[in-house]
Amino acid sequence: KAGVTQTPRYLIKTRGQQVTLSCSPISGHRSVSWYQQTPGQGLQFLFEYFSETQRNKGNFPGRFSGRQFSNSRSEMNVSTLELGDSALYLCASRESWGQYEQYFGPGTRLTVT
Amino acid sequence: DQQVKQNSPSLSVQEGRISILNCDYTNSMFDYFLWYKKYPAEGPTFLISISSIKDKNEDGRFTVFLNKSAKHLSLHIVPSQPGDSAVYFCAASVSFSGSARQLTFGSGTQLTVLP
């Protein structure tokens, strides 16, 4: 099976702009989670989608939003970008939201200038 | 409030020696623990896991130990190889809303294995 894919891999945006990141999970996986990785902070959980519904959400402001489509592909949107949003955004998928292990994509490196 | 902590941001070990990576947690509801390895420009990949009903799990050169009373787990790599140089993340799993599970990650430890 193909792994989790994320597009684009790299992105440079200006403060105040918005951005949309895309994630295609492993075939058959219905759960998609998003994480933000910054130096020293590890992976911070953003939200998880399962069957097109947001099931769980981390402690991030409302500028961060997402959605999932019927084919399980997911998008994450960040509006009114701030310099502190510069990070690696990782998407992970699993068959169901009760499964322990998650499979990660390579991430999207977002730089906000 | 960091529920999963990796207090050592970096660790250097000589090739062939043992690498020990540590992780502490505070939430006693965590019942499953995982280690992920991450190379630059790649996503984290699953390495090894352990259930809270066990105290040790071994897979080749990798062994994870769990001390529930101390809320501490460690990953041992023996012998260490230069290809093991990566960032290692500790993660803990808890169930919520019935069967749903959430992973909480530590901040990672950069392991460098010197040839």
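A.B. asks: So, the state of the cysteines: which residues are in play, and what are the values?
C.D. replies: Residues and elements named next belong to chain A. Considering all chains together, one arrives at 2 disulfides over all chains under this definition. A disulfide bridge connects Cys23 with Cys91, and the sulfur atoms are separated by 1.7 Å. Looking along the S-S bond of the Cys23-Cys91 disulfide, the torsion reads about -50°, which is the left-handed sense. In this pair, Cys23 sits in strand β3 (residues 19-24) while Cys91 sits in strand β9 (residues 87-94), placing the two residues 68 residues apart along the sequence.

A.B. asks: So, the interface of chain B and chain A: which residues are in play, and what are the values?
C.D. replies: With 20 residues of chain B at the interface, the matching set in chain A holds 24 residues. For the pair chain B and chain A, the summed buried area comes to about 1800 Å², and 59% of that belongs to carbon and sulfur atoms. At the junction of chain B and chain A, the tally comes to 0 salt bridges. Put simply, chain B and chain A have 4 residue pairs in polar contact (both at pLDDT 80 or more) between them. Counting only elements with at least two residues in the side of chain B that touches chain A, the list comes to β4 (32-38), β9 (86-96) and β10 (100-105) of chain B. Examining the composition of the side of chain B that touches chain A, we find that 5 residues originate from one element, β10 of chain B, more than from any other. Counted by class, the side of chain B that touches chain A contains 11 nonpolar, 6 polar and 3 charged residues.

A.B. asks: Describe the sheet that holds β3 of chain A, and please don't skip the residues or the numbers.
C.D. replies: Two orientations exist for strands paired in a sheet by backbone hydrogen bonds: parallel and antiparallel. All names here are of chain A. Reading across from one edge, β1-β3-β8-β7 is the order of the 4 strands in this open sheet, with antiparallel pairing throughout. Both edges of this open sheet fall to β1 (5-7) and β7 (64-68), since each of them pairs with a single strand only. Strand-to-strand twist in this sheet, taken as the mean axis angle between neighbours without regard to direction, amounts to 20°. With 5 bridges joining them, β3 and strand β8 (residues 74-78) adopt antiparallel strand pairing. Across the sheet, residue Ser22 finds its bridge partner in β8, namely Glu75.

A.B. asks: So, the pairing of strand β5 (residues 42-50) of chain A: which residues are in play, and what are the values?
C.D. replies: Residue and element names in this part refer to chain A. Counting buried positions along β5 yields 8 of 9 residues, so the element is predominantly enclosed. Here strand β4 (residues 31-38) pairs with β5 via 8 bridges, running antiparallel. Within β5, the residue paired with Gln36 across the bridge is Gln44. Bridging between β5 and strand β6 (residues 53-57) involves 4 bridges; their strand directions are antiparallel. Looking at β6, one finds that Phe47 is bridged to Lys57. Remark: 2 residues form the turn of the hairpin made by β5 and β6, two consecutive strands paired antiparallel; Ser51 in that turn has positive phi of roughly 50°.

A.B. asks: Describe the sheet that holds strand β6 (residues 56-59) of chain B, and please don't skip the residues or the numbers.
C.D. replies: Residues and elements named next belong to chain B. Taken in spatial order, the 5 strands line up as β1-β3-β8-β7-β6 in an open sheet, and their pairing is antiparallel. With one partner strand each, in any of the chains shown, β1 (4-5) and β6 form the two edges of the open sheet. Across 2 bridges, the pairing between β1 and strand β3 (residues 19-25) is antiparallel. When the bridges of β3 are listed, Lys5 appears paired with Asp24.

Thresholds applied
Residues numbered from 1 in each chain as written. Chains lettered and ligands numbered in written order. Predicted model: local features only at pLDDT ≥ 70, side-chain atom pairs only at ≥ 80, totals over all residues. Heavy atoms only, no water. Disulfide = S-S within 2.5 Å. Helix = DSSP H or I, 4+ residues; strand = E, 2+ residues; numbered from the N terminus. Contact = heavy atoms within 4.5 Å. Buried area = accessible area lost by both parts, 1.4 Å probe. Salt bridge = Lys/Arg side-chain N within 4 Å of Asp/Glu carboxyl O. Polar contact = N/O pair within 3.5 Å; in protein donor to acceptor, adjacent residues only side chain to side chain. Nonpolar A, V, L, I, M, F, W, Y, C, P; charged D, E, K, R; others polar. Pairing = 2+ DSSP bridges. Axes fitted to C-alpha atoms, helices over the stretch in contact; angles between N-to-C directions. Buried < 20%, exposed > 50% of the residue type's maximum accessible area, 1.4 Å probe, protein only.

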